[in-house]
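# Inside the fold
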Number of protein chains: 2
Amino acid sequence: MKIAVLGGDGFIGWPTCLNLSDKGHEVHILDNLSRRWIDTELGVQSLTPMDSIQERTRIWYQETGRRIHFHLIDIARDYEVLKQWLAEYRPEAIVHFAEQRAAPYSMKSDRHKNYTVNNNVNATHNLLNALVELGLDSHLIHLGTMGVYGYSTVGAAIPEGYLEVGIDTMEGETARQEILYPSNPGSIYHMTKCLDQLLFQFYAKNDGLRITDLHQGIVWGTHTEQTRRHPQLVNRFDYDGDYGTVLNRFLIQAAIGYPLTVHGTGGQTRAFIHIEDSVRCIELALQTPPKRGSRVKIFNQMTETHRVRDLAELVARLTGSQVAYLPNPRKEAAENDLVVRNDQFIELGLNPITLEEGLLSEVVDVAKKFAYRVDRSRIPAVSAWTKDIASAIDRDPEGKRLKSVG
Amino acid sequence: MKIAVLGGDGFIGWPTCLNLSDKGHEVHILDNLSRRWIDTELGVQSLTPMDSIQERTRIWYQETGRRIHFHLIDIARDYEVLKQWLAEYRPEAIVHFAEQRAAPYSMKSDRHKNYTVNNNVNATHNLLNALVELGLDSHLIHLGTMGVYGYSTVGAAIPEGYLEVGIDTMEGETARQEILYPSNPGSIYHMTKCLDQLLFQFYAKNDGLRITDLHQGIVWGTHTEQTRRHPQLVNRFDYDGDYGTVLNRFLIQAAIGYPLTVHGTGGQTRAFIHIEDSVRCIELALQTPPKRGSRVKIFNQMTETHRVRDLAELVARLTGSQVAYLPNPRKEAAENDLVVRNDQFIELGLNPITLEEGLLSEVVDVAKKFAYRVDRSRIPAVSAWTKDIASAIDRDPEGKRLKSVG
């Protein structure tokens, strides 16, 4: 199959491309390389030494004899270029990762808020618009986030995208209806994924586009079967305060002998998935496209849930580290439960890698191996969600620790 | 009160400014004059002869001694200029009309779709972002649309923004919860208003912004108490296939002796409100701002509902015209019921002008009076909602009439 991977140079995009190429698909990366530019802006870099996309694809060809094609295109800014590319290449499927994906980065300043909204909304809308304009029937797979649901449930498990509710009618009866799960985003970044959802609903309904939206949990892990084949195929590993996920930051803190910093009570429950399973889910989704004219197909792409403090304890146990509790720069509930349905991927044969079994290899093969490359000053999470929180952290001695611990 | 009216040169913006100025407020218009540029693009003009905004405000000053200040600012494109303006003037309230507001225009081509999404999302987001950045506590009043609800109800009246639903819990009980009414937009334009809603929900929750969202029906009527004071204060009257509402188009067809063109069966039920009531609602909303930290306040700004074919019959009865039924270029249900709650404005003292009593003056004082200015070629609605509908209309002899009748 001819597949375009938008954002194919990124953390999930790259191993996705390798996996799809490995399975015999013709893979085209469209990427503006913005994630590398943001590394430059923030003065951070991947813990793992990461080559240019041109070099990575060259190594892949050398190792496997398979070509991955790279096209430098900014799909959010250059609608006409994107349209021309799609008209010429006519991919059968499109995997869309081309969005700014860090919640803390999206909250850094007014400039970062505008950038995230602009980039993400335009990337998605340009793509949908061009598909309709060209009459292309490509299957579009989008990487969404569990964060579209928000974490405010009412004791119900989070379904896969659609929620059945009862509505009181004027005749005094209760009508049952399935609705898109009410969204409650916790950051500008998460909000853009909620906006995406509405764009998908409209274009599926009005134009019959075939769309799959994957609401993904927090991805952990670094290596996949394909990235292990050569050191220069290694995936990126972010540990900085903006792009590093909670687990990566624990791993790095442990590797350099610092306490694991938990924000707030650590009672926030989050959904997780290993990068290898994430890449496998995308392959499964490609194999089971929705029919033309049917509603957007939504999967929850996660395999287990954990409280943040339990994760910290797990990493502490594996590594002998201490846990430190600090003020929370995010505006969110201190404690929440989270029960998530993921039946669809399990039925399609997904066999998850659990944190319990995979975490040790992450400690040894990644965090400890590359610990010499850590820039300690980049570990603290400093993007505050509101002006009030920012100034409270500035005033608070514990907050000063938030800015300095690492 | 110092009030900024974004889009204050438009159809509802202008009479809103006059009314607020008349009531003693200090009114500042921020407008990029895009609506005038779109007139130029489409080669259409208001039926009523409309002066420049500079001239209109000069006449208002001459008639009343009150200044309305005009600032040429593109709030969607010039975030920094908007922010500087807000920092300098610090308005206590902001009325936000600054969006592309025609569904057919938003569906004309891929360029028009992109323009509508870009302009509307950025206008709203820039404004919210700047208010937070500056720490301004202005009350923001936004003009939304009844179209955010879609027309797919399940036998329940449309509430004012929030719907109480029952959700099955894991314990087998039913939890009652109020959610934002599930949106089901019928065009790109309507979709942008649904995106706006999510932006408002986020900024009210995260930053405590005080926001009122007015879900307005189709506005009819031309004159208000203030626009009647001088011929050069007259409001715009659109009758073209893109910006002309269904009622305006009937009025013009009647005035020039053509049949009233109903698309499809005319069974679509729509909500309506007179321009004078619309302007009054905005004044009422200004007087009752939500508290800081409370959720977005949503009003349904409409006063009556009618089926399109009943409207056509009403105009036909008043004018002696015929009614002609043509293919529908929109993708929508042929027939729908619509029951809408509008208790909040009624409780605040709104006393609606009904179509039954106000329509004749519209026929005589506006449509017939200015009929000599009608460009007949501009009346047909030609923006098709999908490529399939466009080609079906092209193939169909009735469709040819759709493109030529007027």
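One can find the structure itself at the top, above this paragraph.
Before going into details, it helps to say that this report is about the structure given with it. (Residues numbered from 1 in each chain as written. Chains lettered and ligands numbered in written order. Predicted model: local features only at pLDDT ≥ 70, side-chain atom pairs only at ≥ 80, totals over all residues. Heavy atoms only, no water.)

### Remarks on the relation of the copies chain B and chain A
Mapping chain B onto chain A calls for a screw motion: a turn of 180° about the axis and a shift of 0.0 Å along it, with 0.0 Å RMSD after fitting. When the rotation and shift are considered jointly, the pair of chain copies conforms to a two-fold rotation axis. Of every C-alpha in chain B, the one belonging to Gly166 of chain B sits nearest the axis of rotation, 2.4 Å from it. (Least-squares fit on C-alpha atoms with pLDDT ≥ 70 in both.)

### Describing the sheet that holds strand β5 (residues 139-145) of chain A
Residue and element names in this part refer to chain A. Strand order in this open sheet of seven strands is β3-β2-β1-β4-β5-β8-β12, and the pairing throughout is parallel. Each edge of the open sheet carries a strand with a single partner, namely β3 (68-72) and β12 (297-301). Direction aside, neighbouring strands of the sheet carry axes that sit 20° apart on average. Lying over the sheet, helix α4 (residues 79-89) contacts β1 (2-6), β2 (26-31), β3 and β4 (93-96), oriented at roughly 175° with respect to β2. (Pairing = 2+ DSSP bridges. Helix = DSSP H or I, 4+ residues; strand = E, 2+ residues; numbered from the N terminus. Axes fitted to C-alpha atoms, helices over the stretch in contact; angles between N-to-C directions. Contact = heavy atoms within 4.5 Å.)

### Regarding the packing of helix α8 (residues 246-255) of chain B against helix α12 (residues 355-368) of chain B
Residues and elements named next belong to chain B. Running from N to C, α8 and α12 point in directions that differ by 55°, and their axes come no closer than 10 Å. One way to sum up the angle between α8 and α12 is to call them oblique. As for how α8 packs across α12, the hand of that crossing is right-handed. Contact with α8, carried on its side by Leu247, Leu251, Ile252 and Ala255, involves Leu355, Leu359, Glu362, Val363, Ala367 and Lys368 of α12 and no other residues of that element. (Parallel < 35°, antiparallel > 145°, perpendicular 65-115°, else oblique. Left-handed = near helix turned anticlockwise from the far one by under 90°.)

### Brief notes about the interface of chain B and chain A
On the side of chain A, 55 residues touch chain B, which itself brings 55 residues to the contact. Around 4,700 Å² of area is buried between chain B and chain A when both sides are counted, 55% of it from carbon and sulfur atoms. Run the count over chain B and chain A and you get six salt bridges. Note that Lys387 of chain B and Glu133 of chain A form a salt bridge whose closest N and O atoms lie 3.3 Å from each other. Across the chain B-chain A interface, the total number found is 29 residue pairs in polar contact (both at pLDDT 80 or more). Looking at the side of chain B that touches chain A, the elements that each hand over two or more residues are α4 (79-89), α6 (110-134), β6 (162-168), β7 (174-180) and α7 (188-207) of chain B. In terms of residue class, the side of chain B that touches chain A is made up of 26 nonpolar, 17 polar and twelve charged. (Buried area = accessible area lost by both parts, 1.4 Å probe. Salt bridge = Lys/Arg side-chain N within 4 Å of Asp/Glu carboxyl O. Polar contact = N/O pair within 3.5 Å; in protein donor to acceptor, adjacent residues only side chain to side chain. Nonpolar A, V, L, I, M, F, W, Y, C, P; charged D, E, K, R; others polar.)

### So, the state of the cysteines
By the definition in use, this model includes zero disulfides over all chains. Here Cys281 of chain A is not disulfide-linked; the sulfur of Cys17 of chain A is the nearest cysteine sulfur, at 16 Å. Unpaired in this structure, Cys194 of chain B has its nearest cysteine sulfur neighbour in Cys194 of chain A, at a distance of 13 Å. By relative accessible area, Cys194 of chain B is classed as buried at 1%. (Disulfide = S-S within 2.5 Å. Buried < 20%, exposed > 50% of the residue type's maximum accessible area, 1.4 Å probe, protein only.)

### Section: the packing of aromatic side chains
Residue and element names in this part refer to chain A. A complete count under the given rule lists twelve aromatic pairs over all chains for this structure. With 5.7 Å between their ring centres and 45° between their planes, Tyr105 and Tyr243 make a pair best called tilted. One end of the pair, Tyr105, is in helix α5 (residues 103-106); the other, Tyr243, is in the loop between β9 (218-220) and α8 (246-255), with 138 residues separating them in the sequence. The same class applies to Tyr105 and to Tyr243, which are both buried. These aromatic residues form a ring-pair network of at least three members: Tyr105, Tyr115 and Tyr243. In this structure, Arg35 packs its charged tip against the face of Tyr243, placed 3.6 Å from the ring centre. The ring of Tyr61 has Arg67 lying over it, and the distance from NZ or CZ to the ring centre is 3.6 Å. (Phe/Tyr/Trp six-rings, centres within 6.5 Å; stacked < 30°, edge-to-face > 60°. Lys NZ or Arg CZ within 6 Å of the ring centre and 35° of its normal.)

### Regarding the pairing of strand β6 (residues 162-168) of chain A
Burial analysis of β6 of chain A places five of its seven residues in the buried class, the great majority of the element. Judged from the seven bridges that link them, β6 of chain A and strand β7 (residues 174-180) of chain A form a sheet pairing that is antiparallel. Looking at β7 of chain A, one finds that Val165 of chain A is bridged to Gln177 of chain A. Where β6 of chain A folds back on β7 of chain A, the antiparallel hairpin that results is connected by five residues, among which Gly172 of chain A adopts a positive phi of roughly 80°. The sheet contact formed by β6 of chain A and β6 of chain B spans three bridges and is antiparallel. Residue pairing in the sheet places Val165 of chain A in a bridge with Ile167 of chain B of β6 of chain B.

### Focus: the pairing of strand β10 (residues 260-263) of chain B
Residues and elements named next belong to chain B. Of the two faces of β10, the one lined by Leu260 and Val262 and the one lined by Thr261 and His263 are each fully buried. Pairing of β10 with strand β14 (residues 323-326) involves four bridges; the strand directions are parallel. By the bridge assignment for β14, His263 is matched with Leu326.

### Focus: the pattern of salt bridges
Pairs can form between side chains of opposite charge whenever their charged atoms are close. Here the structure, examined in full by the defined rule, presents 62 salt bridges over all chains. The closest approach of N and O atoms between Asp39 of chain B and Arg35 of chain B, which form a salt bridge, is 2.9 Å. Of this pair, Asp39 of chain B and Arg35 of chain B are both found in helix α2 (residues 34-42), four residues apart, which corresponds to roughly one turn of the helix. Taking the shortest distance from any N to any O, the salt bridge between Glu41 of chain B and Arg111 of chain B comes out at 3.2 Å. Of this pair, Glu41 of chain B sits in helix α2 while Arg111 of chain B sits in helix α6, and the two are 70 residues apart along the sequence. The network of salt bridges with shared partners includes Arg35, Asp39, Arg101, Arg236 and Asp238 of chain A.

### Focus on the nonpolar core
Among the nonpolar cores identified, the biggest contains 116 residues, and Leu86 of chain A together with Leu86 of chain B are the most heavily contacted of them. Those residues in contact with Leu86 of chain B, other than ones at most four positions away along the chain, are Pro91, Ile94, Leu127, Ala130, Leu131, Leu134 and Leu136 of chain B. (Core = buried A, V, L, I, M, F, W, Y, C linked by side-chain atoms within 4.5 Å.)

### Some details on the environment of Val262 of chain B
Residues and elements named next belong to chain B. With respect to the secondary-structure elements, Val262 resides in strand β10. Separated by 34 residues in sequence, Val262 and Arg228 place their C-alpha atoms 31 Å apart. Dropping the residues within four chain positions of it, Val262 is found in contact with Phe250, Val308, Ala312, Val323, Ala324, Tyr325 and Leu326.

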